[in-house]
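One-letter residues, chain by chain:
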Amino acid sequence: MKNRNLEHKDDWATPEYFYKELNKEFNFNFDPCPFKHDIKKWDGLEIEWGARNFINPPYSRKLKDAFVKKAIKELLSYDTVFLCANWKMAVPCYLTSLTGKINYFVVVHGLDAIEGRFANKILQRRTINSSKGAISVSNYTAGLLAKANLSPKLPQKVINNGVDTDKFRSVELSDEFIDKYNIKPGARILSLGRLIERKGFDMTIRAIALMKNKDVNYYLAGKGHYRKRLEEIAKE
């Protein structure tokens, strides 16, 4: 997955566990934009694509637009299935569906399930309802979609976010790390994420306070405007 807020580059790999789950469903046979691919060998914008394509395109505006245009061009030649990273990236597929047949699915991550502006709500609803199905990263997100007046006939599948175990693995904590972050003995629970209301970190803090087993330490890492309020709840 790509995140422009982390680094300014186009090479962001889709987590392997997530790709495997999608591949079980769609049986991809080509990736026109593979991770760290040398375009001197072949350029996904120039060659013919396969019948079932997986694509996690670059997020730089110029390349992203180019791959969307290429995808539409391929659509006119093949019975292609598109998996769109969010509903806004699925809009070209929706517009194409107004004049012809197109098969596409939409992945919904969380905040993109909530639209504040009225015009966006209408476009979101039409774009997702015209798809072959929605893939949500959690049951909570799937619930947000249900509240967005989506068609009850729209197939939904939940593929939960996971952890890349090649990057995040069990290690022995050094004495320096333990002292720096005041790591205490006993059971440890760690949460990572933006400190905002909808993440529900406040509920976790309150739930741990009600536990009979007091030998539990909760660590929360992240940034956000809700930090001060979470600190207040922890002190309560």
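In the block above lies the structure referred to throughout.
Summarised in this report is the structure supplied together with it.

Rules of the game
- Residue numbering note: each chain is counted from 1, following its sequence as written.
- Predicted model: local features are reported for residues with pLDDT of at least 70 only, side-chain atom pairs are reported and counted for 80 or more only, and whole-chain, interface and lining totals are derived from all residues.
- For the side-chain quantities, the full set of heavy atoms in the structure was used; hydrogens and water were omitted.
- Accessibility here uses a 1.4 Å probe with only protein chains present; expressed as a share of the type maximum, an area under 20% marks a residue as buried, one over 50% as exposed, and anything in between as partly exposed.
- Secondary structure elements are taken from DSSP: a helix is a run of H or I of four residues or more, a strand is a run of E of two residues or more, and numbering for both begins at the N terminus.
- Strand pairing is assigned whenever DSSP identifies at least 2 bridges connecting the two strands.
- Residues grouped as a nonpolar core are buried Ala, Val, Leu, Ile, Met, Phe, Trp, Tyr and Cys residues, joined through side-chain atoms within 4.5 Å.
- Residue contacts follow a heavy-atom distance rule, with two residues in contact if any of their heavy atoms lie within 4.5 Å.
- Defined by distance alone, a disulfide is two cysteine sulfur atoms within 2.5 Å.
- Paired rings are identified among Phe, Tyr and Trp, the last through its six-membered ring, by centres lying within 6.5 Å, and are further divided according to the angle between planes into stacked (under 30 degrees), edge-to-face (over 60) and tilted (the rest).
- For patch detection, residues must exceed 30% relative accessible area and be free of salt bridges, and they are connected within 9 Å for like charges or within 5 Å for nonpolar side chains (Val, Leu, Ile, Met, Phe, Trp, Tyr).
- For the area figures, the Shrake-Rupley method with a 1.4 Å probe applies, and any residue is considered shielded solely by the protein chains shown.
- The rule for a salt bridge is simple: a side-chain nitrogen of Lys or Arg has to be within 4 Å of a carboxyl oxygen of Asp or Glu.

### Structural notes on the pairing of strand 3 (residues 133-136)
And then number 1: Here strand 3 shows a buried face lined by Gly133 and Ile135 and a second buried face lined by Ala134 and Ser136.
And then number 2: Pairing of strand 2 (residues 103-108) with strand 3 involves four bridges; the strand directions are parallel. Counted as the bridge partner of Phe105 is Gly133 from strand 3.
And then number 3: Bridging between strand 3 and strand 4 (residues 156-158) involves three bridges; their strand directions are parallel. Residue pairing across strands places Ala134 opposite Gln156, the latter belonging to strand 4.

### Some details on the nonpolar core
And then number 1: Counting 24 residues, the largest nonpolar core has Phe82, Tyr104, Val106, Ile128 and Leu145 as its most contacted members.
And then number 2: Elements supplying a minimum of two residues to this core: helix 2 (61-75), strand 1 (81-84), helix 3 (91-97), strand 2 and helix 5 (139-147).
And then number 3: In this structure Tyr104 touches Phe82, Cys84, Ala90, Cys93, Tyr94, Thr127, Ser130, Ser131, Lys132 and Gly133, once residues within four positions along its chain are discounted.
And then number 4: Counting 10 residues, the second largest nonpolar core, distinct from the first, contains Phe26, Phe28, Val107 and Ile159.

### Some words on the state of the cysteines
And then number 1: Tallying each qualifying case throughout the model produces zero disulfides.
And then number 2: With no disulfide partner, Cys33 has as its closest neighbouring cysteine sulfur the one in Cys84, 15 Å distant.
And then number 3: Given a relative accessible area of 17%, Cys33 falls into the buried group.
And then number 4: Among the cysteines around Cys84, which has no disulfide bond, Cys93 carries the closest sulfur, lying 3.9 Å off.

### What to know about the packing of aromatic side chains
What describes a pair of aromatic rings is the distance from one ring centre to the other and the angle between the planes of the rings.
And then number 1: Scanning the model with the defined rule gives eight aromatic pairs in all.
And then number 2: Seen from their ring centres, Tyr19 and Phe54 are 4.9 Å apart, and the 80 degrees between their planes marks the pair as edge-to-face. Within this pair, whereas Tyr19 is found in helix 1 (residues 16-26), its partner Phe54 is found in the loop between helix 1 and helix 2, the two being separated by 35 residues in sequence.
And then number 3: Given the relative accessible area of 9%, Phe54 is considered buried.

### Comments concerning a nonpolar patch on the surface
And then number 1: Together, Val163, Phe168, Leu190 and Leu192 make up an exposed nonpolar region whose accessible area comes to about 460 Å².
And then number 2: Take Leu192: it is sitting in strand 5 (residues 187-192).

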